[in-house]
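Single-letter residue listing:
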Amino acid sequence: MGGDLSIILSPKTTLDLGAEQRFQTEQKINGYQNSKVRSIPTLSLGSTYSINLDNAVFVNASFEGSSAAPDVIFGINLWKKF
């Protein structure tokens, strides 16, 4: 379950926020239990800037994971309308 929010800062710029909560069930391999049920929260933050009518750039960061496997992802996307 989760949600996203986009806030328009100007006609060319938006701020994007997201939150998600996932659950991982326990796993057994060959009868051996190697993990328990885990809660995996994810928070994301990004911004989109419209260069012109056909081009935009999106910069984002995502912070996720349980204490057993934290993860951070940074990204830059260039959008081109065809």
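Note that the structure is a prediction, hence the values are computed from the model and not measured. (Residues numbered from 1 in each chain as written. Predicted model: local features only at pLDDT ≥ 70, side-chain atom pairs only at ≥ 80, totals over all residues. Heavy atoms only, no water.)

Here the focus is the side chain of Asp16. Note on placement: Asp16 falls in strand 2 (residues 13-24). Within the buried set, Asp16 has no salt-bridge partner at all; the shortest N-O distance to an opposite charge, 16 Å, is to Lys12. A polar contact of 3.3 Å, which involves the side chain of Asp16, links it to the side chain of Thr48. Non-local contacts of Asp16, meaning those with residues more than four positions away in its chain, are made with Leu5, Ser6, Ser44, Leu45, Gly46, Ser47, Thr48 and Phe58. (Helix = DSSP H or I, 4+ residues; strand = E, 2+ residues; numbered from the N terminus. Buried < 20%, exposed > 50% of the residue type's maximum accessible area, 1.4 Å probe, protein only. Lys, Arg positive; Asp, Glu negative; His and termini not counted. Salt bridge = Lys/Arg side-chain N within 4 Å of Asp/Glu carboxyl O. Polar contact = N/O pair within 3.5 Å; in protein donor to acceptor, adjacent residues only side chain to side chain. Contact = heavy atoms within 4.5 Å.)

According to the stated counting rule, one finds two salt bridges in the structure shown. Salt-bridge contacts for Glu64 lead to Arg22; the nearest nitrogen and oxygen are separated by 3.4 Å. Placement of the pair is Glu64 in strand 6 (residues 55-64) and Arg22 in strand 2, with a sequence separation of 42 residues. A cluster of three or more residues bridged by salt bridges with shared partners is formed by Glu20, Arg22 and Glu64.

Turning our eyes to something else, we now look at the sheet that holds strand 5 (residues 38-50). Read from one edge to the other, the open sheet built from five strands follows the order 1-2-5-6-7, with strand pairing classed as antiparallel. The outermost strands of the open sheet, each flanked by one partner alone, are strand 1 (2-10) and strand 7 (71-80). Adjacent strand axes in the sheet meet at a mean angle of 15 degrees, parallel and antiparallel pairs treated alike. As paired strands, strand 1 and strand 2 are joined by eight bridges and run antiparallel to one another. (Pairing = 2+ DSSP bridges. Axes fitted to C-alpha atoms, helices over the stretch in contact; angles between N-to-C directions.)

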